[in-house]
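# Geometric and topological summary
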Amino acid sequence: MRLPSPVSISIGITLAACQPAETSSLETYGSADEVSTDSTTETDTQSEESTEESTSTETGEPEPHASLRYLVNTTEDALLLGINLDDPLAVPEPDTLISGEGVTGLFGPTPFESEIVVHDGQVDQLRLSDIGDYDFLPLAVQDALWMDRVYFGAGVDGANAILTIGQEPFGVNQQLLWVEYDSSGQVTGSQDYTPPLETNGAVLVLDRSPDGRHAAVLVDAELDSLWHIYVLNLDPQPNVATYIDVLDLTGLPPTSVGNFIWLHLDNERIVYRKEGQPGVFRPLAVELGDPDTNRINLTPALGHISSLVWSPDQTRVLVTTGGNNGYRELWLVDMLSPTMAAPPLRISEPGKDALVNTQGVIDFATLGHGFDEFGRIWYAYADSLANPVSVGINLVVVVDGEVIQRSDLTETAPGLEIEAVSFDAKLQLLGYRAQSGNLSSINYVDMTAAPAVSVRLDQDFDHSTITPVDSAGFAWSADGSHISVVGLQNATAGLYTAELGDGSGATVAVTLPDVESAAGITLDHMPRVSPTGEQVILWYAAQDGRKGLVHAPTDGSGEGQVVLGLQHSLRAGTYIQHVPE
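Below, the structure is looked at part by part. Remember, predicted model here, so these are calculated numbers, not experimental data. (Residues numbered from 1 in each chain as written. Predicted model: local features only at pLDDT ≥ 70, side-chain atom pairs only at ≥ 80, totals over all residues. Heavy atoms only, no water.)

## Things to note about the overall build of the protein chain
A tally of helices and strands in the protein chain yields zero helices and 46 strands. In the protein chain, 52% of the contacts between residues at least 6 apart in sequence involve partners at least 24 apart. (Helix = DSSP H or I, 4+ residues; strand = E, 2+ residues; numbered from the N terminus. Contact = heavy atoms within 4.5 Å.)

Below is the structure:
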C-alpha cells in the first residue's frame, strides 16, 4: 500500500467498551521485552493462594504485606510460572499461572505495579494483591496474539497508553490502540486508531515525547520496503497525524524494523536517521511546531552517522562517525533551536576513538558512550596510537563549545580491554568489565559522586578469548543498593555480591549448587538481582534447550538452591513485587 503524503491526516475516533483494575503510580515507560501468544491456551485467571502463611488482623482478615515473585515463561507452550520469594531462605515450588498450548509473552512493567502478559488472545496486567495472590486484569480490551512496545503517560485521574497489537503470533502489528486507565489501572476507555492498511500491513509506535503529547508512528506503505513516519498528536487524545517522511527499509521484515530505526522524539522536534546515499545515513530534524519546513541535516559537515545519543535535557546530541572495528570518532552537537545545530565539536581525541557497540539489536544503554545527569560526557575509548593499544573510559566536561576538563575513570595498563559497558541513567551508575591477560574484574562508577571514581570489586575472574561465554557478568538492583557478579575462578563458577557505594569493593561470597558438573550444562553469567538487592536468580541450561533457575540470598546467609529444574525451554523472566501503601 502506498499512502499519500499530505501534511496531516485526521484520525477517526471510535470508543470501545471499558473494564476494571487496582493500584497506582504514574511514570512514563516505553518497553517490551519479548513476544506473545496463541489463542488456544487454557488460562487460570483466578487468584491463587500464596504458599506462605499469612497473618490475620483482629477481624480475621489477612494483613497486607510486601510480596516478591519471579515470573518466567517458556518458548514452546503457553506456560507462565511464578516463584514465591517472600522468604529467601525457603522458596517453595513454582506456581503454574498459565498452562496450555501456544506461547505466553512478558512485555514489561506498567505504572500500576503490574507486568504485561499476553496469553490466550488477551493483553492483561498481572499483579500481586495485598496478601500476595496473583490477579489478572485487562491492559487492553481488544484480542491480540502479538504486541510491540507500549508507552504510558500520566493523566488527570489515571494514565493512558499507546501501543500496537497483532492478530498473528510472531507476526506484524496491525492495530494502533489508545487506552485510558483510572488511578488503579482499570481500563476506562479503549479506542482503535489504526490507519488504512493493506493485508500484512504494519503499524509501529517508536517513541513518545516526554510531555506525553506526541507519539512517533511508523506505517508500512509498501510491504517490506517503504515506511512512512508520522507524528501523532495525543492532546488530549489521538486526533491528527502529521506526515514527516518516507524511509526505504527494503529487506527488513516488519517484525524487526523497529530495532533499526534510530529515532528521537522530544517536546519540540523529531529526529531520525535516513539514508541519503547508499550506506550513508544522516540525522534529520523536523520541528513539531512547523512540520512544513525542510528536513534539516544536523551534521552536514560529517559523513555517515553510526549512532545518536541525546542529553537528558534534549539540548545536545552525541554522534559517531568514521573509524572502524567498533571504534569511531565521537562528536558533540549543540542544538541552538529545534532544528538548528551548532558546528559539531570533536570529543574523542585523535587516535582515541570511542567504543560503539552497534552489532545486532541496538541498545543505547550498552553503546559505550552517553551523558550523565550533570551533562558530562562519558565514553569508552581505545588508543590505537599506543603500543600495545591502551583503553579506558573518559569523562569530559564541555562548556560554551569547548572541552574544559578530561579525566580517565580507569587505570590504564598494557593489554587492558574494556567490555560490557553499561549505564543506568536512573541510578547514574556506570559499569564495565576490565580484562587483562587471563584475568578480568568488574568495576563500577557512581556518577553522582564528586569526584567520580571507579570502584573495583575485590575478586578476579578467569578470562579467555577461547570461551567468551565464560566472561564474568554483573547486574545491580533497581534500588541501587547491591551489585552481583558471576564468573569463573579456577574453572568453577562463583557468585559474589557487594554493597554499592562501598569504596573498598568488598564482596560477599554466595555458595552455588554444582549445576555445571554434568556434561553440557552451562550457568548463565548474567545475574538477575531482585529490586531491593536481597536476592538473585541465575539461569542455567542444557544443550537440548531446557533451562533451569538457581536462587540465592545475596548476603550469604543461605546456599544457592535450584528452584526450577531443567524442565522447560524458558524464554524470559522478570521480578514483580507489591509494596502495600
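## Let's talk about the pairing of strand β23 (residues 305-310)
With six of its six residues buried, β23 lies for the most part within the structure. Both β23 and strand β24 (residues 316-324) contribute to a ladder of five bridges, which runs antiparallel. For V309, the partnering residue across the bridge sits in β24 and is L318. Here β23 folds back onto β24 in antiparallel fashion, the turn holding five residues, of which Q314 has a positive phi close to 60 degrees. (Buried < 20%, exposed > 50% of the residue type's maximum accessible area, 1.4 Å probe, protein only. Pairing = 2+ DSSP bridges.)

## With respect to the pattern of salt bridges
Any two side chains of opposite charge can pair, on the condition that their charged atoms come close. Tallied over the entire structure, the rule returns 13 salt bridges. Among the salt bridges present, the one from D86 reaches R69, with a minimum N-O distance of 2.9 Å. Pair noted here: D86 is in the loop between β5 (80-84) and β6 (95-100) and R69 is in strand β4 (residues 67-74), with a separation of 17 residues, a long-range link. Classification of R69 as buried rests on a relative accessible area of 1%. Because the salt bridges share partners, they merge into one network encompassing E329, R346 and D353. (Salt bridge = Lys/Arg side-chain N within 4 Å of Asp/Glu carboxyl O.)

## Side note on unusual backbone geometry
Negative phi characterises most residues that are not glycine, and trans characterises most peptide bonds. D235 connects to P236 through a cis peptide bond whose omega is 0 degrees. Within the element layout of this structure, P236 appears in the loop between β17 (226-233) and β18 (240-248). A cis amide bond links A450 with the next residue in sequence, P451, at an omega value of -5 degrees. Following the sequence through the fold, P451 ends up in the loop between β34 (439-446) and β35 (454-456). With phi around 60 degrees, Q314 is a residue other than glycine that occupies positive phi space. Mapping Q314 onto the fold places it in the loop between β23 and β24. Backbone geometry places A491, a non-glycine residue, at a positive phi of 70 degrees. Along the chain, A491 turns up in the loop between β38 (482-489) and β39 (492-499). Look at A491 and you get exposed, because its relative accessible area is 63%.

## Re the packing of aromatic side chains
Using the criterion set out here, one finds nine aromatic pairs in the structure. Ring plane angle 45 degrees and centroid distance 6.1 Å describe the contact between F152 and Y181, whose orientation is recorded as tilted. Residue F152 is located in strand β11 (residues 146-154), and its partner Y181 is located in strand β13 (residues 175-182); the two are separated by 29 residues in the primary sequence. As far as burial versus exposure is concerned, F152 and Y181 are alike and both buried. Where F461 meets Y496, the ring centres are 6.1 Å apart and the plane angle is 70 degrees; that geometry is what we call edge-to-face. In this pair, F461 is assigned in strand β36 (residues 461-462) and Y496 in strand β39, connecting sequence segments 35 residues apart. Each member of the pair, F461 as well as Y496, is classed as buried. Every member of this aromatic cluster is reached through a ring pair, and the members are F112, F152 and Y181. If you follow R273 out to its NZ or CZ, it ends over the ring of W262, 4.0 Å from the centre. The aromatic ring of F281 is capped on one face by R273, whose charged end is 4.6 Å from the ring centroid. (Phe/Tyr/Trp six-rings, centres within 6.5 Å; stacked < 30°, edge-to-face > 60°. Lys NZ or Arg CZ within 6 Å of the ring centre and 35° of its normal.)

## Describing the sheet that holds strand β9 (residues 122-128)
One key point about sheets: their strands pair by backbone hydrogen bonds, in either a parallel or an antiparallel sense. Here we have four strands laid out as an open sheet, ordered β7-β8-β9-β10, and antiparallel in their pairing. The outermost strands of the open sheet, each flanked by one partner alone, are β7 (105-109) and β10 (134-140). Between one strand axis and the next, the sheet turns by 30 degrees as a mean value, whatever way the strands run. As judged from the six bridges shared by β9 and β10, these two strands associate in the antiparallel manner. If you follow Q125 over to β10, its bridge partner there is L137. (Axes fitted to C-alpha atoms, helices over the stretch in contact; angles between N-to-C directions.)

## Comments concerning the sheet that holds β39
Taken in spatial order, the four strands of this open sheet run β37-β38-β39-β40, and their pairing is antiparallel. The sheet terminates laterally at β37 (473-476) and β40 (507-510), the two strands that pair on one side only. Going from strand to strand, the sheet's axes swing by 25 degrees on average, the running direction of each strand aside. As judged from the four bridges shared by β37 and β38, these two strands associate in the antiparallel manner. Each bridged residue has a counterpart across the sheet, and for G473 the counterpart in β38 is V486.

## Some remarks on the pairing of β34
Of all eight residues in β34, six are buried, a share of seventy percent or more. Inspection of the sheet shows strand β33 (residues 429-436) paired to β34 by eight bridges, in the antiparallel sense. Note that in β34 the partner of Y432 across the bridge is N443. One ladder, built from two bridges, connects β34 with β36; its direction is antiparallel.

## Concerning the side chain of T299
With respect to the element layout, T299 can be found in the loop between β22 (296-297) and β23. Its relative accessible area of 1% is what places T299 among the buried residues. Ignoring sequence-local partners within four residues, the contact set of T299 consists of P283, I305, V319 and V333.

## Notes on the environment of D400
Here D400 is to be found in the loop between β30 (390-399) and β31 (402-408). We classify D400 as exposed; its relative accessible area is 76%. C-alpha of D400 to C-alpha of D334: the two residues are 66 residues apart in sequence and 9.6 Å apart in space.

By themselves, these figures tell us nothing about what the structure is for.
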